[in-house]
Every structure is written in C-alpha cells, then in structure tokens.
Amino acid sequence: MQKPRDITTLYTERLILRQFSKEDLENYTAIMTNPQVTCFLGTGKEKTPEDVRQVLIHFQNCLDKNGFGVWAVILKESGKLIGHCGFLPLENGEDVELLYAFDPSSWGKKIASEAACICLDYAKKNYHWDFVYALAYPENTASIRVLEKLGFTPDEKVLCFGKLLNHFSYKL
C-alpha cells in the first residue's frame, strides 16, 4: 500500500498552511457545519460531521492522486485552525480550482487573501499549470473581491455543483 503524500507547509506573516491531521477534525467540523460558511461552498447545502470527515478524506485522496491539495490554515498567534485554502481538480478533471473557506471570526481580516496569495505563489513555483480557476456564488461579494484583488479575471458564469456560479481565471 502506498504511503499517503505530505503537503509542503507554507508560512506567511500571520498564518501557517499545513497538512490536515486527525486532530483537526473537531475544529474543522465546527467551521464546515456552520451554515454561514457552507451556503457558499459547492452545492450550498449544510454539511453533517460525516460530510466533513469525507471532505478531509477527499482532500487526502486528491493529494495522493494529483500531487496537490488543500492546506489547513492556522493562525500563528494562537495555533487555532481557522479554515482551508488550496487546490482541487474541477469537475471536468482537467482544470484546477483555487478554493478557500474560513471561520466567520476570521472574515474581514484579509486572511483569505493572505492564504490564497501564498498558495498561488507556491503553485507558480511548483506546478506547470497555465491557469488556475476559481468559482464564487454571485451573492458572495466578499469572495469575489478577494479573487479580483488577487488578479483573477471574471469569465462567463458556469453551471457547477448544480448552481450557476461566477467563474474566474488566473494566469500563472
């Protein structure tokens, strides 16, 4: 049996982006079962604790299969898990999506921008992708602002997860 891959730990001024561990499940579940968070993720449906456990398994499976994945985002100052940021294949299997989600206590503090910026920098240096894509619910104006400030370009809306979402592209 093949050993699971590890993801490189990244550091910013305020954040540590590291691989998820089993110890993260309880705190991550609290974030990912919060309706304020889940309403803008995937199908927009609320998640159960079992759904969250499956998400973490999916993150590891994608890392093992593709060599890239999603980081747990930790506040350096407190050591608290506040969300995730990283890359997954889009539904078409060819394109790569930048995705992030954070506990509402970290909203409005430029955490998403800081985490996404270090992830994009890492991707430029380590992957041979031409573009990275992002999806956002049209009503998620905060996320759209983050993507625009990062330099993502709005494209046509796309049907994904059964929803019509804003589609953005970023040239690496």
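Residues numbered from 1 in each chain as written. Predicted model: local features only at pLDDT ≥ 70, side-chain atom pairs only at ≥ 80, totals over all residues. Heavy atoms only, no water.

### A word on the overall build of the protein chain
Then, number 1: Secondary structure assignment for the protein chain yields five helices and nine strands.
Then, number 2: Along the protein chain, from the amino end to the carboxyl end, the secondary structure elements read β-β-α-α-α-β-β-β-α-β-α-β-β-β.
Then, number 3: For 172 residues, the compact-globule estimate of 2.2 N^0.38 gives 16 Å, and the C-alpha radius of gyration of the protein chain, at 15 Å, lies within 12% of that figure.
Then, number 4: Pairs at least 24 apart in sequence give 60% of the contacts found in the protein chain among residues at least 6 apart.
Then, number 5: A total accessible area of about 9500 Å² is found for the protein chain, and carbon and sulfur atoms account for 52% of it.
Then, number 6: A gap of 3 Å separates the mean positions of the 20 positive and 22 negative side-chain charges of the protein chain. (Helix = DSSP H or I, 4+ residues; strand = E, 2+ residues; numbered from the N terminus. Rg over C-alpha atoms; globule rule 2.2 N^0.38 Å. Contact = heavy atoms within 4.5 Å. Areas by Shrake-Rupley, 256 points an atom, 1.4 Å probe, with all protein chains shown as cover. Lys, Arg positive; Asp, Glu negative; His and termini not counted. Charge placed at Lys NZ, Arg CZ, Asp CG, Glu CD.)

### Notes on the environment of asparagine 92
Then, number 1: The residue asparagine 92 is located in the loop between strand 4 (81-89) and strand 5 (96-102) in this model.
Then, number 2: For asparagine 92, a relative accessible area of 43% corresponds to the partly exposed category.
Then, number 3: Distance in space between the C-alpha atoms of asparagine 92 and cysteine 160 is 9.8 Å, their sequence separation being 68 residues. (Buried < 20%, exposed > 50% of the residue type's maximum accessible area, 1.4 Å probe, protein only.)

### Considering the layout of surface pockets
One simple way to see leftover space: roll a probe sized like a water molecule over the atoms.
Then, number 1: Its boundaries defined by the atoms lining it, the largest pocket holds a volume of some 1200 Å³.
Then, number 2: For the largest pocket, the lining is made up of 45 residues, of which Phe40, Leu41, Leu99, Tyr100 and Ala101 are closest to its centre.
Then, number 3: Looking at the lining of the largest pocket, the elements that each hand over two or more residues are helix 2 (35-38), helix 3 (49-66), strand 4, strand 5, helix 4 (111-126), strand 6 (131-136) and helix 5 (141-150).
Then, number 4: Each residue belonging to the lining of the largest pocket can be placed in one class, and the counts come to 27 nonpolar, ten polar and eight charged.
Then, number 5: Taken together, 15 residues make up the lining of the second largest pocket; nearest its centre are Phe20, Ser21, Leu56, Ile57 and Gln60.
Then, number 6: Take the lining of the second largest pocket: its biggest share by element is seven residues, from helix 3.
Then, number 7: Classifying every residue of the lining of the second largest pocket gives eight nonpolar, five polar and two charged. (1 Å grid on protein atoms, 1.4 Å probe; cavity = no way out; pocket = protein on both sides within 12 Å on 5 of 7 lines; lining within 4 Å. Points joined across faces, edges and corners; volume = space filled by probe spheres on them. Nonpolar A, V, L, I, M, F, W, Y, C, P; charged D, E, K, R; others polar.)

### Looking at the pattern of salt bridges
Then, number 1: Here the structure, examined in full by the defined rule, presents four salt bridges.
Then, number 2: The partner of arginine 14 in a salt bridge is glutamate 114, and the shortest N-O contact between them spans 2.6 Å. Taken together, the positions of arginine 14 in the loop between strand 1 (10-11) and strand 2 (15-18) and glutamate 114 in helix 4 put the pair 100 residues apart, joining distant regions of the chain.
Then, number 3: Using a relative accessible area of 30% as the deciding quantity, one classes arginine 14 as partly exposed.
Then, number 4: With relative accessibility at 17%, the residue glutamate 114 sits in the buried group. (Salt bridge = Lys/Arg side-chain N within 4 Å of Asp/Glu carboxyl O.)

### Re the pairing of strand 3 (residues 70-75)
Then, number 1: Among the six residues of strand 3, five are classified as buried, and the element is accordingly described as predominantly covered.
Then, number 2: Here strand 2 pairs with strand 3 via four bridges, running antiparallel. Bridged to leucine 17 within strand 3 is valine 73.
Then, number 3: Strand direction decides the pairing type here: strand 3 and strand 4, joined by five bridges, are antiparallel. (Pairing = 2+ DSSP bridges.)

### Considering unusual backbone geometry
Then, number 1: Despite not being glycine, lysine 110 has its phi angle at roughly 65 degrees, a positive value.
Then, number 2: Looking at the secondary structure, you find lysine 110 in the loop between strand 5 and helix 4.
Then, number 3: With a phi angle near 60 degrees, phenylalanine 161 is a residue other than glycine that sits in the positive phi range.
Then, number 4: Judged by its relative accessible area of 32%, phenylalanine 161 is partly exposed.

### Some remarks on the packing of aromatic side chains
Then, number 1: Applying the stated criterion to the full structure yields 13 aromatic pairs.
Then, number 2: Relative to tyrosine 127, the ring of phenylalanine 68 has its centre 6.0 Å away and its plane inclined at 70 degrees; by these criteria the two rings are edge-to-face. Pair noted here: phenylalanine 68 is in the loop between helix 3 and strand 3 and tyrosine 127 is in the loop between helix 4 and strand 6, with a separation of 59 residues, a long-range link.
Then, number 3: For tyrosine 127, a relative accessible area of 16% gives the class buried.
Then, number 4: Taking 5.0 Å as the distance between ring centres and 35 degrees as the angle between the ring planes, the aromatic pair formed by phenylalanine 152 and tyrosine 170 counts as tilted. Here phenylalanine 152, found in the loop between helix 5 and strand 7 (153-154), pairs with tyrosine 170, found in strand 9 (residues 163-171); they are 18 residues apart in sequence, far enough to count as distant. Each of the two residues, phenylalanine 152 as well as tyrosine 170, counts as buried.
Then, number 5: A network of ring pairs unites the aromatic residues Phe68, Trp71, Phe87, Tyr122, Tyr127 and Trp129 as a single cluster.
Then, number 6: One residue, lysine 171, lies across the ring of phenylalanine 131, its end atom 5.3 Å from the ring centre. (Phe/Tyr/Trp six-rings, centres within 6.5 Å; stacked < 30°, edge-to-face > 60°. Lys NZ or Arg CZ within 6 Å of the ring centre and 35° of its normal.)

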